[in-house]
Amino acid sequence: MDMPYDSQEDTPDEALLVLYANGDAAAARALTVRLTPRVFSHAYRMLGDRAEAEDVAQEAMIRLWRIAPDWRQGEAKVTTWLYRVVANLCTDRLRKVRGIALDAVAEPEDDARGPVESLQEQARMDALQAALNRLSDRQRQAVVLRHIEGLGNPEIAGIMEISVEAVESLTARGKRALAAELAGQREALGYADG
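Residues numbered from 1 in each chain as written. Predicted model: local features only at pLDDT ≥ 70, side-chain atom pairs only at ≥ 80, totals over all residues. Heavy atoms only, no water.

**Some words on the overall build of the protein chain**
Scanning the protein chain for helices and strands turns up eight helices and zero strands. Taken from N to C terminus, the helices and strands of the protein chain fall in the order α-α-α-α-α-α-α-α. In the protein chain, once contacts between residues fewer than 6 apart in sequence are set aside, the share between residues at least 24 apart is 61%. If you sum the accessible surface of the protein chain, you get close to 10900 Å²; carbon and sulfur atoms cover 52% of it. (Helix = DSSP H or I, 4+ residues; strand = E, 2+ residues; numbered from the N terminus. Contact = heavy atoms within 4.5 Å. Areas by Shrake-Rupley, 256 points an atom, 1.4 Å probe, with all protein chains shown as cover.)

So, in structure tokens, the structure goes:
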């Protein structure tokens, strides 16, 4: 019998995945609602393209559903596994599209703010995405996971299959490169010196 969605808000991801594997459709809905926005956000930050990020998020969730019957609780967190899948899918797509110009990437829309605030925020996001795009794939992945997704270094190390020290090095170099890229744009992006 399916548990109501509301009763599963505090259920760990791993337990929901096992429930789904045992036929609980409500567990699948709860996990989808919980994880898809995070997966999409990570893919978007890695790719800078909303449509591509949606495709990656969908593919990652499909892969999660496929492995559900074989999931072994306690070996890895669902989110760690899922972020690794997203990172691999994004890396594959980035390798295929290296020749696409940055101007060819569609601009995301945000109707929640007024026009001036929207333009300012969009300029900031575009500048950040352009700077992220100039980082190496590994630096971009580490910076996005750490500073945008808010994951800890040990979890990032698991996702990227590297040591914690390597994560620290990648994020430090990535942050320095981003700071250098964005330093001359502070005033144009509406940040006061100080």
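**Thoughts on the packing of aromatic side chains**
Per the stated rule, a full pass over the model turns up three aromatic pairs. Judged by centre distance (6.4 Å) and plane angle (85°), the rings of Trp 71 and Trp 81 are edge-to-face. In this pair, Trp 71 is assigned in the loop between helix H3 (50-67) and helix H4 (78-96) and Trp 81 in helix H4, connecting sequence segments 10 residues apart. Each member of the pair, Trp 71 as well as Trp 81, is classed as buried. The ring of Tyr 44 has Arg 50 sitting right over it, with the charged end atom 5.3 Å from the ring centre. (Phe/Tyr/Trp six-rings, centres within 6.5 Å; stacked < 30°, edge-to-face > 60°. Buried < 20%, exposed > 50% of the residue type's maximum accessible area, 1.4 Å probe, protein only. Lys NZ or Arg CZ within 6 Å of the ring centre and 35° of its normal.)

**So, the confidence of the model for the protein chain**
Averaged over the protein chain, the pLDDT score is 82; the fraction of residues at 70 or greater is 85%. When the elements of the protein chain are averaged for pLDDT, helix H5 (residues 115-133) gives the smallest value, 80, and H3 the largest, 92. (pLDDT = per-residue confidence, 0-100.)

**Quick notes on the packing of helix H2 (residues 25-47) against H4**
Remark: H2 packs on H4, axes separated minimally by 10 Å, with the N-to-C direction vectors making an angle of 30°. As for the relative orientation of H2 and H4, their crossing is right-handed in sense. Here H2 contributes Leu 35, Arg 38, Val 39, His 42, Ala 43, Met 46 and Leu 47 to the contact with H4, which in turn contributes Val 78, Thr 79, Leu 82, Tyr 83, Val 86, Ala 87, Cys 90, Arg 93 and Leu 94. Residue composition of the contact of H2 with H4, by class: 12 nonpolar, two polar and two charged. (Axes fitted to C-alpha atoms, helices over the stretch in contact; angles between N-to-C directions. Left-handed = near helix turned anticlockwise from the far one by under 90°. Nonpolar A, V, L, I, M, F, W, Y, C, P; charged D, E, K, R; others polar.)

**Some thoughts on the pattern of salt bridges**
Enumeration over the complete set of coordinates arrives at nine salt bridges. Between Glu 59 and Arg 63 there is a salt bridge; the shortest N-O distance is 2.9 Å. Here Arg 63 and Glu 59 lie together in helix H3, a separation of four residues that amounts to about one turn. Judged by its relative accessible area of 34%, Arg 63 falls in the partly exposed class. When the shortest N-O distance is used, the salt bridge between Asp 92 and Arg 95 registers 4.0 Å. Of this pair, Asp 92 and Arg 95 both sit in helix H4, separated by three residues, roughly a single helical turn. When its relative accessible area of 59% is taken as the criterion, Arg 95 is described as exposed. Several salt bridges share partner residues, and in doing so they unite Glu 52, Asp 55 and Arg 93 into one network. (Salt bridge = Lys/Arg side-chain N within 4 Å of Asp/Glu carboxyl O.)

**With respect to the side chain of Asp 137**
Tracing the backbone through its elements, the reader meets Asp 137 in helix H6 (residues 137-148). Of note is the side chain of Asp 137, whose polar atom sits 2.6 Å from the side chain of Arg 140. (Polar contact = N/O pair within 3.5 Å; in protein donor to acceptor, adjacent residues only side chain to side chain.)

**Section: the side chain of Glu 155**
Turning to its location among the elements, Glu 155 is positioned in helix H7 (residues 153-160). Look at Glu 155 and you get buried, because its relative accessible area is 17%.

**Things to note about the environment of Ala 21**
Relative to the helices and strands, Ala 21 is located in helix H1 (residues 13-21). Taking the C-alpha atoms as reference points, Ala 21 and Ala 68, 47 residues apart in sequence, are found 5.3 Å from one another. The contact partners of Ala 21, leaving out residues within four places of it in the chain, are Ala 68 and Pro 69.

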